[in-house]
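Given next are the chains, with one letter for each unit.
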Amino acid sequence: MTYRSLLALCVITASSLNADEVSFKATDGGATIHMNGKQFATFVHTESPVGRPYISNVFTTDHIKVTRNHPTTKDDPDDHPHHQGIFFTWGQLNGLDYWHMRGRTVHDRFLKKPTSGKIAHFSTRSYYLADDKRSRIAREDATYTFRKTPFGILVTLQATVTGESSAAIFGSKEEGGLAVRMSKDLTVEAGASMTDNEGRNGGDQIWGKDSKWVDYAGKKQDRWVGITLFTNPASFRKCWWHARDYGLLAANPLGPLNDPKQSVVLKKGESFTVHYGVMIHSNSDQTEYSPAKAYEYYLSQLPK
């Protein structure tokens, strides 16, 4: 083998090793997330004023933005500034509203630092603080994974919430769980679609119902793009949906909505765990993407 052919083989081999690899670059408040060297999202664990961890400015593999700009720009709707992109929280915990960031959720540390690869991941620990902004009501240990799949970029979240006080009371409320805020041109109000696995369409039909998944998608830059939010039977409860035509989608295990009988009380040391998947997809046509098949794929990738 000649030197030139050996060099070419080395380049091809190195290139194939990096193909579809997810990597991270540390920032003061979290990390930027990259695939094949191109940034497709940002993870923020700390910002001022302190609110909660979240993932923002999410793009598809062909670099089409699917979540709302964060911070918002003059071209974005100015409603609900607490809808950062993809975020996980609760609407009522010991009387405090963490959804609207009236309660503080503070990042403590990385339990597992961001690790790059074909399946990349990190784990964090956060605390829900009481009114005094010091006492801990509950702890959240969350693991995020990222990978490219035949259906798009799959992000998974496993979050275990543990009581840190004598009683952490999670009230039943429509706001809570894992939420997504879509970009302004990918909303039902802008002509996009929102569908679930039961064949329901739009916020009026989906809001308050339980289903396995909901897909929020539409036409953008001549592509069919969007996000499918998956629930998981391994979670401590099934989820009900807080779904809005202006671009919000949330899967919430504290339902039926606003039902006090569905509230959860954790004594110190007690916990519950929830699991979710988020598929960020882009195709040339709507017929090329099946949320149902993407959901089956998501379940097939879960640890046995």
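Residues numbered from 1 in each chain as written. Predicted model: local features only at pLDDT ≥ 70, side-chain atom pairs only at ≥ 80, totals over all residues. Heavy atoms only, no water.

Mind showing me how you'd approach the packing of aromatic side chains here?
Given two aromatic rings, one states the distance between the centres and the angle between the planes to describe the pair. One pass over the full model with this rule turns up 21 aromatic pairs. Between phenylalanine 87 and tryptophan 99, the ring centres sit 5.1 Å apart and the planes meet at 65°, which makes this aromatic pair edge-to-face. Of this pair, phenylalanine 87 sits in strand 5 (residues 86–90) while tryptophan 99 sits in the loop between strand 5 and strand 6 (105–115); the two residues are 12 residues apart in sequence, bridging distant segments of the chain. The same class applies to phenylalanine 87 as to tryptophan 99, namely buried. (Phe/Tyr/Trp six-rings, centres within 6.5 Å; stacked < 30°, edge-to-face > 60°. Helix = DSSP H or I, 4+ residues; strand = E, 2+ residues; numbered from the N terminus. Buried < 20%, exposed > 50% of the residue type's maximum accessible area, 1.4 Å probe, protein only.)

Would you explain the pattern of salt bridges in this entry?
Two side chains carrying opposite charge are able to pair once their charged atoms lie near each other. Taken as a whole, this structure holds 12 salt bridges when the rule is applied. Salt-bridge contacts for aspartate 97 lead to arginine 102; the nearest nitrogen and oxygen are separated by 3.1 Å. We classify arginine 102 as exposed; its relative accessible area is 62%. Ionic pairing is found between arginine 109 and aspartate 108, a salt bridge with its closest N-O pair at 2.6 Å. Here the residues in one salt-bridge network are Arg125, Arg139, Asp141 and Glu164, joined through shared partners. (Salt bridge = Lys/Arg side-chain N within 4 Å of Asp/Glu carboxyl O.)

Looking at this structure, I do not really get the sheet that holds strand 14 (residues 223–230). What am I missing?
Read across the open sheet, the 8 strands follow the order 6-7-8-9-18-14-13-12; overall the sheet is antiparallel. Of all the strands in the sheet, the pair left with one neighbour each is strand 6 and strand 12 (193–196). Recorded for the sheet is a direction-independent mean angle of 15° between the axes of neighbouring strands. As judged from the 11 bridges shared by strand 7 (residues 119–129) and strand 8 (residues 136–149), these two strands associate in the antiparallel manner. What sits directly across from phenylalanine 122, in strand 8, is tyrosine 144. (Pairing = 2+ DSSP bridges. Axes fitted to C-alpha atoms, helices over the stretch in contact; angles between N-to-C directions.)

Sorry, what's going on with the environment of methionine 279 here?
Among the structural elements, methionine 279 can be located in strand 18 (residues 271–283). Taking the C-alpha atoms as reference, methionine 279 lies 18 Å from asparagine 252; in sequence the two are 27 residues apart. Beyond its immediate stretch of four places on either side in the chain, methionine 279 contacts Thr149, Phe151, Gly152, Ile153, Leu154, Gly226, Ile227, Thr228, Phe230, Tyr289 and Ala294. (Contact = heavy atoms within 4.5 Å.)

Mind showing me how you'd approach the sheet that holds strand 2 (residues 30–35) here?
Remark on secondary structure: sheet strands pair via backbone hydrogen bonds, oriented parallel or antiparallel. Reading across from one edge, 1-2-3-4-5-11-16-15 is the order of the 8 strands in this open sheet, with antiparallel pairing throughout. Each edge of the sheet is formed by a strand with only one pairing partner; in this case those strands are strand 1 (22–27) and strand 15 (240–244). For this sheet the average axis-to-axis angle between neighbouring strands, irrespective of direction, equals 25°. Summarising the sheet, strand 2 and strand 3 (residues 38–44) pair through 6 bridges and their orientation is antiparallel. Paired with histidine 34 across the two strands is glutamine 39, which belongs to strand 3.

Is there a simple way to explain the confidence of the model for the protein in this structure?
Note that predicted coordinates carrying low pLDDT should not be read in detail. Residues of the protein with pLDDT of at least 70 account for 94%, and the chain-wide mean is 91. Note that pLDDT drops below 50 for residues 1–17; the model gives that stretch 4 contacts with residues more than four away or on any other chain. (pLDDT = per-residue confidence, 0-100.)

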